[in-house]
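# A look at the structure
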Amino acid sequence: DGGITQSPKYLFRKEGQNVTLSCEQNLNHDAMYWYRQDPGQGLRLIYYSQIVNDFQKGDIAEGYSVSREKKESFPLTVTSAQKNPTAFYLCASTPLTGPRDYGYTFGSGTRLTVV
Amino acid sequence: AQSVAQPEDQVNVAEGNPLTVKCTYSVSGNPYLFWYVQYPNRGLQFLLKYITGDNLVKGSYGFEAEFNKSQTSFHLKKPSALVSDSALYFCAVRALNSGNTPLVFGKGTRLSVIA
């Protein structure tokens, strides 16, 4: 079945450590997105990419980095510069041509906790 | 700039009663509107969308939404609530002719259906 896979489901980060969240899709979608979800704040856009080897900052990009070396993959690195990284991270994708009936397809999320 | 407001953090309704979850939006031009639902520790699932056409849109699980251009609203409704409808609901918008700009999400409304 086609879909988006996020891993790991749970991740623990020590102070000063960089961690990378994985997002892989087999839907042949062009665009991929990373959102951060905090209680009461909804979804906030971190980064997005509409084509391989290109990406744009969202509303809260500071302390995060991404790469898009393959169409299927859009990993997110949470760097030590992100002072409050504890949150639920969601990856999404969508085609940019043809039917976009569902808007975005979402992964199941990664819950990151600082220990 | 695009924005979405979900004025209620929490909506409580008795099982069998009708439910409404409110959403208002702001875009330049015509909107492309979505409702998504999120269950605990999961990604968002598509419920329904509005692009053009009938103002009353029917979606998954018996939900529907009414587009009101004059009030810039897109409220989610269901005639008879089920306990299993308890979840977090998100409204999202982008301008229809904005190219491929990312969806903007509201902060979410937690629906609690009481047996």
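Look up: the structure comes first, before these words.
My aim in this report is to walk through the structure given alongside it, one point at a time. (Residues numbered from 1 in each chain as written. Chains lettered and ligands numbered in written order. Predicted model: local features only at pLDDT ≥ 70, side-chain atom pairs only at ≥ 80, totals over all residues. Heavy atoms only, no water.)

On to the packing of aromatic side chains, then. The final tally for this structure, using the stated rule, is 19 aromatic pairs over all chains. Seen in terms of ring centroids, Tyr-35 of chain A and Phe-106 of chain A are 6.4 Å apart; in terms of plane orientation they differ by 40°. Their pairing is tilted. Taken together, the positions of Tyr-35 of chain A in strand β4 (residues 31–38) and Phe-106 of chain A in strand β10 (residues 105–106) put the pair 71 residues apart, joining distant regions of the chain. Each member of the pair, Tyr-35 of chain A as well as Phe-106 of chain A, is classed as buried. Connected via pairs of aromatic rings, a cluster forms that spans Tyr-33, Tyr-35, Tyr-48, Tyr-104 and Phe-106 of chain A together with Tyr-32, Phe-34, Tyr-36, Phe-46 and Phe-105 of chain B. (Phe/Tyr/Trp six-rings, centres within 6.5 Å; stacked < 30°, edge-to-face > 60°. Helix = DSSP H or I, 4+ residues; strand = E, 2+ residues; numbered from the N terminus. Buried < 20%, exposed > 50% of the residue type's maximum accessible area, 1.4 Å probe, protein only.)

Residues and elements named next belong to chain A. Counted according to the given criterion, the structure contains six salt bridges over all chains. Of the charged contacts in the structure, one is a salt bridge between Lys-71 and Asp-30, with a shortest N-O distance of 3.6 Å. Of the two residues, Lys-71 sits in the loop between β7 (64–66) and β8 (76–78) while Asp-30 sits in the loop between β3 (19–25) and β4, which places them 41 residues apart along the sequence. Under the relative-accessibility criterion, Asp-30 is labelled partly exposed at 22%. Here Arg-44 ties to Asp-38 by a salt bridge, and the two come within 2.8 Å at their closest N and O atoms. Of the residues examined, Arg-44 reaches a relative accessible area of 25% and is grouped as partly exposed. (Salt bridge = Lys/Arg side-chain N within 4 Å of Asp/Glu carboxyl O.)

This part covers the interface of chain B and chain A. At the junction of the two partners, chain B supplies 20 residues and chain A supplies 24 residues. Taken together, both faces of the contact between chain B and chain A bury some 1,700 Å²; the carbon and sulfur share is 52%. Counting the surface chain B buries against chain A, the share from its top three residues, Asn-41, Asn-100 and Pro-102 of chain B, is 31%. If you look at where chain B meets chain A, you find zero salt bridges. For the interface between chain B and chain A, the tally reads five residue pairs in polar contact (both at pLDDT 80 or more). (Contact = heavy atoms within 4.5 Å. Buried area = accessible area lost by both parts, 1.4 Å probe. Polar contact = N/O pair within 3.5 Å; in protein donor to acceptor, adjacent residues only side chain to side chain.)

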